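Below, each chain spelled out in residue letters.
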Amino acid sequence: MTIRGLRKTFNDAVVYDGFDLDLPLGQFISVFGPNGCGKSTLINMISGLMPMDAGEVLYDGQRISETRISYVFQNYREALFPWLRAIDNIHYPLKVMGVPRAERKRRIEKLLAEFEIRIDLNAYPYTLSGGQQQTVSILRALVTEPEVLFLDEPFSALDYEMTMSMREQLQKIFMKTKTTMLLVSHDLDEAIEQADKLVLLTRRPTQVAEIVEIDLPWPRDLTVTTGDAFMAIKRHCLDRFWQEVKK
Ligand SMILES: Nc1ncnc2c1ncn2[C@@H]1O[C@H](COP(=O)(O)OP(=O)(O)OP(=O)(O)O)[C@@H](O)[C@H]1O
């Protein structure tokens, strides 16, 4: 994934100017940085949700409009269609793509078979817990077999227990599918735990402070996340983060 000369201003505030970034496909990438530095703006622009003032984003040489992408929003309550049962929410993107019903059913059954989903998918979203709703959102995002999956703070509205189990679930999905994932997180532990590479951003106008290699084995279980290597990476990231914040 190549980002070149990205520029974005809101009124007079320059968020990005001449921003470049190269990222490999097929990896889990997390984006972390100071408050308001433009993490969401970045993934909104590179996913095509928000126009950029200038710049270019290419995926394997192709433009975003030629790339199959999915997006998981922070606010799952507003992201799921409340008038559709969970299963019909998952059908929806395939329906929009014009996939015939029998083929849709086949693809969804295949997706569900890969994961241990203990959710009544015939239920309406409002009857499900927050974590269950966000799981449905993630399944809906995955059903189109995206080349890139964008996730903007997907667990920040969930409680601790649910967040832990969702992180585990997302790792399983990543290990099985090796879909390129781009996760915005304001939680440093999460940003390290869920990534092959952590993109650490500066204050505005935002640049890349450092791309930190997270060379830890998957899955990132308790042994990994409480181990010395994890702590050393966290210490390094925190050092760099404070350097940027205090500038
Ligand atoms: N639609 C908009 N109109 C005006 N300003 C905006 C808009 N969207 C974002 N901004 C501003 O751009 C800056 C970057 O916002 P963004 O939400 O991308 O940052 P962030 O790093 O994701 O923030 P946070 O750490 O709070 O999650 C902020 O100063 C924000 O106020």
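Every chain begins its residue count from 1, and numbering advances along the sequence as written. Since the coordinates come from a predicted model, pLDDT governs what is reported: local features require at least 70, and pairs of side-chain atoms require 80 or more to be given and counted, while whole-chain, interface and lining totals use all residues. The basis for the side-chain values is all heavy atoms of the structure; hydrogens and waters are excluded.

Trainee: How would you summarise the sheet that holds strand S4 (residues 54-58) if you had to cite specific residues and measurements?
Mentor: At least two bridges found by DSSP between two strands are what make those strands a pair. Where helices and strands are cited, they refer to DSSP runs of H or I of at least four residues and of E of at least two residues respectively, numbered from the N terminus. The antiparallel open sheet is built from three strands, whose spatial order is S2-S1-S4. Single-partner strands in this sheet number two, and they are strand S2 (13-22) and S4. This sheet shows a mean twist of 25° between the axes of neighbouring strands, independent of strand direction. Alignment of strand S1 (residues 2-10) against S4, held across four bridges, turns out to be antiparallel. Across the sheet, residue Arg 7 finds its bridge partner in S4, namely Ala 54. Contact criterion: two residues are considered in contact whenever any of their non-hydrogen atoms come within 4.5 Å of each other. Every angle, taken between N-to-C directions, lies between 0 and 180 degrees, and every axis is a line fitted to C-alpha atoms, over only the stretch in contact when it is a helix. Packed onto the sheet, helix H1 (residues 39-46) meets S1, S2 and S4 and runs at close to 120° relative to S1.

Trainee: Break down the UniProt feature "domain: ABC transporter" (unreviewed entry) in the chain for me, with residues and values.
Mentor: Taken from the UniProt record, the annotation "domain: ABC transporter" (unreviewed entry) applies to residues 1-228. The span residues 1-228 shows a helical share of 35% and a strand share of 24%, and its end C-alpha atoms are spaced 31 Å apart. UniProt positions are given in the numbering used here, feature names are shortened, and annotations may be inferred rather than shown by experiment.

Trainee: I'd like to hear about the packing of aromatic side chains, residue by residue, with values.
Mentor: Aromatic ring pairs are defined here through the distance separating the ring centres and the angle between the ring planes. Centre distance within 6.5 Å is the pairing criterion for rings of Phe, Tyr and Trp, where only the six-membered ring of Trp is used; planes under 30 degrees apart are then read as stacked, over 60 as edge-to-face, and the remainder as tilted. Inspection of the entire model under this criterion finds ten aromatic pairs. A centroid spacing of 5.2 Å and a plane angle of 35° characterise the contact between Phe 81 and Trp 83, whose relative ring orientation is tilted. Chaining the aromatic ring pairs together yields one cluster made of Phe 28, Phe 174 and Trp 218. Two conditions define a charge located above a ring, namely a distance within 6 Å from the ring centre to NZ of Lys or CZ of Arg, and an angle within 35 degrees of the ring normal. The ring of Phe 81 is capped by Arg 140, whose NZ or CZ atom sits 5.4 Å from the centre of that ring. One residue, Arg 220, lies across the ring of Trp 218, its end atom 3.9 Å from the ring centre.

Trainee: Go over the sheet that holds strand S3 (residues 28-32) with me, naming the residues and quoting the values.
Mentor: Taken together, six strands build an open sheet; the order of strands is S5-S6-S7-S3-S8-S9 and the sheet is mixed. The sheet terminates laterally at strand S5 (69-72) and strand S9 (208-213), the two strands that pair on one side only. Strand-to-strand, the axes of this sheet are offset by a mean angle of 15°, without reference to chain direction. Here strand S6 (residues 148-152) runs beside strand S7 (residues 180-184); their pairing, made up of five bridges, is parallel. Of the residues in S7, the one forming a bridge with Asp 152 is Val 184. Here helix H5 (residues 130-142) sits on the sheet and contacts S5 and S6; the angle it forms with S5, its principal contact strand, is near 170°.

Trainee: Which residues make up the packing of helix H3 (residues 86-96) against helix H4 (residues 101-114), and what are the values?
Mentor: Taken N-terminus to C-terminus, the directions of H3 and H4 make an angle of 120°; their axes are 10 Å apart at the nearest point. As far as their axial angle goes, H4 and H3 are oblique. Crossing angle aside, the handedness with which H3 passes H4 is right-handed. In this structure, H3 contributes Ile 87, Ile 90, His 91, Leu 94 and Lys 95 to the contact, and H4 contributes Arg 101, Arg 104, Lys 105, Arg 107 and Ile 108. The class makeup of the residues in the contact of H3 with H4 is four nonpolar, one polar and five charged. Throughout this description, any angle smaller than 35 degrees is read as roughly parallel, any larger than 145 degrees as roughly antiparallel, any in the 65 to 115 degree range as roughly perpendicular, and the remainder as oblique. The handedness criterion is simple: a crossing whose near helix is rotated anticlockwise from the far helix by less than a right angle is left-handed, and one whose near helix is rotated clockwise is right-handed. The nonpolar class holds Ala, Val, Leu, Ile, Met, Phe, Trp, Tyr, Cys and Pro. Asp, Glu, Lys and Arg form the charged class, and all remaining residues, Gly among them, are polar.

Trainee: So what about H3? Which residues, and what values?
Mentor: What H3 keeps buried is the set Ala 86, Ile 87, Asn 89, Ile 90, His 91, Pro 93 and Leu 94. Of the surrounding elements, those touching the buried residues of H3 are H4 and H5. Within two residues after H3, Gly 98 carries a phi angle of roughly 80°, on the positive side. Throughout this description, buried means an accessible area under 20% of the type-specific maximum (1.4 Å probe, protein chains only), exposed means over 50%, and partly exposed covers the range between.

Trainee: Account for the pattern of salt bridges, naming residues and giving values.
Mentor: Here, a salt bridge means any Lys or Arg side-chain nitrogen found within 4 Å of an Asp or Glu carboxyl oxygen. Inspection of the entire model under this criterion finds 14 salt bridges. Linking Arg 4 and Asp 22 is a salt bridge whose minimum nitrogen-to-oxygen distance equals 2.9 Å. Of this pair, Arg 4 sits in strand S1 while Asp 22 sits in strand S2, and the two are 18 residues apart along the sequence. Within the structure, one salt-bridge network assembled from shared partners comprises Arg 167, Asp 187, Glu 190 and Glu 193.

Trainee: Describe the environment of Arg 85, naming the residues involved and giving the relevant values.
Mentor: Examined against the element boundaries, Arg 85 turns out to sit in the loop between helix H2 (76-79) and H3. As a C-alpha pair, Arg 85 and Asn 122 span 37 residues in sequence and 5.6 Å in three-dimensional space. Setting aside anything within four residues of it in sequence, one finds Arg 85 in contact with Leu 121, Asn 122, Ala 123 and Tyr 124.

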